[in-house]
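# Observations on chain architecture
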Amino acid sequence: MDYFIIVVTTAAGLYFHWWLFRRIRQWSDRDLALSFAEGDEPKRQYMLEQLARARHEGISRRELPAWLEQAAAQYRPGSA
């Protein structure tokens with residue numbers, strides 16, 4: 001029974017850390033995208049759409065800042 005408790009708590013702890021790591025990465029990616037919006041609400045929505053597009057296209061995390069910067073440069077206020 002002792003081994004069962006150890007295995008269950010270890011598995012739960014590892015899962016929690018994996019889940020927390022993923023959430024923090026999502027939050028940091030979202031903050032990065034919103035940092036390019038500069039407080040403009042329509043541009044915020046545009047940048048969040050671009051972040052979703054980048055995830056869908058499989059843009060790596062290493063390339064994401066440059067990709068989002070390029071997307072922010074292509075933003076036109078009336079196009080959102």
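Above this text you will find the structure in question.
Residues numbered from 1 in each chain as written. Predicted model: local features only at pLDDT ≥ 70, side-chain atom pairs only at ≥ 80, totals over all residues. Heavy atoms only, no water.

## Side note on the overall build of the protein
To be explicit about the condition: Under the DSSP-based scheme used, a helix requires at least four consecutive residues in state H or I and a strand at least two consecutive residues in state E, with every element numbered from the N terminus. For a compact globule the rule gives 2.2 Å times the number of residues to the power 0.38, and the radius of gyration it is set against comes from C-alpha atoms. For the exposure calls, accessible area comes from a 1.4 Å probe over protein chains only, and a residue counts as buried if that area is under 20% of its type's maximum, exposed if over 50%, partly exposed in between. Per-residue and other accessible areas follow the Shrake-Rupley method at a 1.4 Å probe size, with only the shown protein chains counted as cover for residues.
Broken down by element type, the protein carries 3 helices and 0 strands. For the protein, the N- to C-terminal ordering of α and β elements is α-α-α. Over its C-alpha trace the protein gives a radius of gyration of 18 Å, far above what one expects of a compact globule, namely 12 Å for 80 residues. For the protein, the spread of C-alpha atoms along the three principal axes comes to 65 × 20 × 15 Å. Each of the 80 residues in the protein was classed as buried or not, and the buried ones make up 21%. Accessible surface computed for the protein: about 6300 Å², of which carbon and sulfur atoms make up 59%.

## Describing the nonpolar core
Counted only if it meets this: Definition used in this section: a nonpolar core is a set of buried Ala, Val, Leu, Ile, Met, Phe, Trp, Tyr and Cys residues joined via side-chain atoms within 4.5 Å. Between two residues, a contact is recorded if the distance between any of their heavy atoms is within 4.5 Å.
In terms of nonpolar packing, the biggest core is built from 13 residues, with Met47 and Leu68 touching the most fellow members. Elements represented by at least two residues in this core include exactly α2 (41–57) and α3 (64–73). No other element matches the 5 residues that α3 contributes to this core. Contact partners of Met47, with chain neighbours within four places excluded, come to Ala33, Phe36, Ala37, Leu68 and Ala72.

## Considering a nonpolar patch on the surface
Condition: In this scheme, patches are assembled from residues that exceed 30% relative accessible area and form no salt bridge. Like charges are connected within 9 Å, while nonpolar side chains (Val, Leu, Ile, Met, Phe, Trp, Tyr) are connected within 5 Å. We define a salt bridge as a contact between a side-chain nitrogen of Lys or Arg and a carboxyl oxygen of Asp or Glu at a distance within 4 Å.
Judged by side-chain polarity, Met1, Phe4, Ile5 and Val8 come together as a nonpolar surface patch covering roughly 450 Å² of accessible area. With respect to the element layout, Ile5 can be found in helix α1 (residues 2–35). Judged by relative accessible area, which is 45%, Ile5 ranks as partly exposed.

## Things to note about the packing of α2 against α3
Between two packed helices, what matters for the description is the angle formed by their axes and the separation of those axes. For clarity, the cut-off: Interaxial angle, 0 to 180 degrees, is taken between N-to-C directions of lines fitted to C-alpha atoms, where a helix line uses only the stretch in contact. Comment on the angle field: the value is read as roughly parallel under 35 degrees, roughly antiparallel over 145, roughly perpendicular from 65 to 115, and oblique elsewhere. We call a crossing left-handed when the near helix sits turned anticlockwise from the far one by less than a right angle, and right-handed when that turn is clockwise. In the scheme used here, Gly and all other residues not listed as nonpolar or charged are polar, with Ala, Val, Leu, Ile, Met, Phe, Trp, Tyr, Cys and Pro taken as nonpolar and Asp, Glu, Lys and Arg as charged.
Contact pair α2 / α3: the axes reach a minimum separation of 10 Å and the direction vectors enclose 135°. Compared by their axis directions, α2 and α3 come out oblique. For the element pair α2 and α3, the recorded crossing hand is right-handed. Side by side, α2 and α3 meet where Lys43, Tyr46, Met47, Gln50, Leu51, Arg53, Ala54 and Glu57 of the first sit next to Leu64, Trp67, Leu68, Ala71 and Ala72 of the second. Split into classes, the residues belonging to the contact of α2 with α3 amount to 9 nonpolar, 1 polar and 3 charged.

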